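# Fold and contact review
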Amino acid sequence: MIVGGGLAGISAAVALQESGVPVTLVESRPWLGGATHSFARGDLRVDNGQHVFLRCCTAYQGLLRRLRAEHLVEVQERFDVPVLRPGTEPGRLRRSNLPSPLHLLPALARYAPLPVTDRARAVRAAAALRRLDPDDPDLDGVAAGTWLAGRGQRAWARQALWGLFLTSALNAEVDDAALGLSAMVCRRALFGRPDAADIGVPLVPLDELHGGPALRRIAEMGGTVRLKAKVEAVTTDPKVVVDGVPMAADAVVLAVPHEAAARLLPAQALPDPLRWDELDASPIVNVHVVYDRKVLHGPAIGRARVPRHAPFAAAVGSPVQWVFDRTAVSGLHSGQYLAVSLSAADRWIDMPAAELRARFLPELRRLLPAARDAKVREVFVTRERRATFRQRPGTAAARPGAATRAPGLFLAGAWTDTGWPDTMEGAVRSGLTAARLVRRHLEGVRDR
């Protein structure tokens, strides 16, 4: 049995079914997909968040292939991000065809938001970062901002360059992010293969990309999915109590958030020492704006046109972090629907929607000249209060492995010790690890 129908639970279920292990997946909500889901708002299909991936996210792309959904995403031909700045021409970060790690040097050399001296310092800091070992436990005790400042990265450089990558990847401000995970992201995405950081985006709403295909695929392979089913307890037998009824299983995978796992796990299975409360949670806020015309393309952002395969732009010198064009995906037929994505959104999470509107509509007009004459049809806000765990210094030691102290009872979720940040890729990898341990456990049972 698998408890939880997010990407971790889905990936575990599909992997086990493919290897001939019958699976029952139990999910409390009426859909699969977990933190990646969609809802209807009038005629729009709205995603709860802006979930993109990189070409180096191989496990996630493998899951899409297993779900027969790989044609529902598109990956840039080349990493290319317009960078908007109020009152001036946009910058651009676009990789070259040079081999790694030289592929990003031309982009950095021409990166207008940074003064020339800061660009040179950034090259030296990148070289030092590339030499770090992300698995070194000492790095987990250091904040990325502190380390970068010690390598000549001033506050503006940390925001306008490093923050573009790390804040969105870790859902943490650079000055608060763990250095170990920051080094992992940079080494894997920026200093690995030249195409590692190419950005992939969904072409359909998230429920059509993950939840729907997962339901169909698990059913095709003979598995069972129970939606709107409440799991009340898990025992070491192992059994899962679902809607008051104990259900026996040969193995159980708890693929739920860490707070739920701590509540459901029997005391005999809990890790020692138990430190999950140190993971905490970090929020994400999205401000959704529907205009009566296109404002994010072509002349609206000057020479740095939004690439055809990447309908988004980053922003610096503004509370706006990233802007995504959601028009086609949402089903909007006229005008343009933009979503402003705000990671590490502690300052925004409790702000009333009217105040967010008053703050971000003027910011979009500052960044996008075409928005100044456009009519705003609709503004609404979505909030994920517990979008990820808080990936700050010291949390690596609080992330448990997939195995518990109870035989046959395993954990999955992007918050477990995957070696990756709390992302879709981390969630899928955790599910694959749990599935591998389940198979090993069942083989041991048969041998006995």
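See the structure above.
Predicted model, so just to flag it, every value in this text is computed and none were measured. (Residues numbered from 1 in each chain as written. Predicted model: local features only at pLDDT ≥ 70, side-chain atom pairs only at ≥ 80, totals over all residues. Heavy atoms only, no water.)

In this section: the packing of aromatic side chains. Scanning all chains against the criterion turns up eight aromatic pairs. Aromatic side chains Tyr337 and Phe380 sit 6.3 Å apart centroid to centroid with 45° between the ring planes, which places their arrangement in the tilted category. On the criterion of sequence distance, the pair formed by Tyr337 in strand β18 (residues 336-342) and Phe380 in strand β19 (residues 376-388) is long-range, its members being 43 residues apart. No difference in accessibility class separates Tyr337 from Phe380, as the two residues are buried. Seen from their ring centres, Trp348 and Phe360 are 5.0 Å apart, and the 65° between their planes marks the pair as edge-to-face. Of the two residues, Trp348 is situated in the loop between β18 and α11 (353-367) and Phe360 in helix α11; the sequence distance between them amounts to 12 residues. Taken together, the aromatic side chains of Phe312, Trp322 and Phe324 make up a single cluster linked through ring pairs. (Phe/Tyr/Trp six-rings, centres within 6.5 Å; stacked < 30°, edge-to-face > 60°. Helix = DSSP H or I, 4+ residues; strand = E, 2+ residues; numbered from the N terminus. Buried < 20%, exposed > 50% of the residue type's maximum accessible area, 1.4 Å probe, protein only.)

Taken together, the seven strands give an open sheet; going across it, the order is β8-β7-β16-β17-β18-β15-β19, and neighbouring strands pair in mixed fashion. Lying at the two open borders of the sheet, with one neighbouring strand each, are β8 (91-94) and β19. Strand-to-strand, the axes of this sheet are offset by a mean angle of 25°, without reference to chain direction. With four bridges joining them, strand β17 (residues 322-325) and β18 adopt antiparallel strand pairing. Paired with Trp322 across the two strands is Ser341, which belongs to β18. Running over the sheet, α11 touches β7 (80-84), β15 (282-291), β16 (312-315), β17, β18 and β19 and is turned about 110° from β19. (Pairing = 2+ DSSP bridges. Axes fitted to C-alpha atoms, helices over the stretch in contact; angles between N-to-C directions. Contact = heavy atoms within 4.5 Å.)

A word on the pairing of β18. A large share of β18 lies buried, amounting to seven of its seven residues. Alternating positions in β18 separate into two faces, Gln336, Leu338, Val340 and Leu342 on one and Tyr337, Ala339 and Ser341 on the other, with burial throughout. The pairing of β15 with β18 spans seven bridges and is classified as antiparallel. If you follow Tyr291 over to β18, its bridge partner there is Gln336.

Here we come to unusual backbone geometry. Omega for the peptide link from Ser100 to Pro101 comes to 5°, which places this bond in the cis form. Within the secondary structure, Pro101 is located in the loop between β8 and α3 (105-109). Following Asp237, the chain continues to Pro238 via a peptide bond in cis, the omega torsion being 0°. Looking at the secondary structure, you find Pro238 in the loop between β11 (231-235) and β12 (239-242). With a phi close to 60°, Arg68 is a non-glycine residue in the positive phi region. Locating Arg68 in the fold gives a position in the loop between α2 (58-66) and β6 (73-75). The phi dihedral of Asp280 falls on the positive side, at around 55°, and the residue is not glycine.

Overall, the coordinates contain 27 salt bridges when judged by the stated rule. Ionic pairing is found between Asp47 and Arg326, a salt bridge with its closest N-O pair at 2.4 Å. Linking Asp47 in strand β4 (residues 44-47) with Arg326 in the loop between β17 and α10 (327-330), this pair joins segments that are 279 residues apart in sequence. In this structure, Asp47 and Arg326 share a single accessibility class: buried. The shortest N-O distance in the salt bridge between Glu425 and Arg429 comes to 2.7 Å. Taken together, the positions of Glu425 and Arg429, both in helix α12 (residues 424-447) and four residues apart, correspond to about one turn of that helix. What makes Glu425 buried here is its relative accessible area of 1%. A single network of salt bridges, built from pairs that share partners, joins Arg55, Arg95, Arg193, Asp195 and Asp198. (Salt bridge = Lys/Arg side-chain N within 4 Å of Asp/Glu carboxyl O.)

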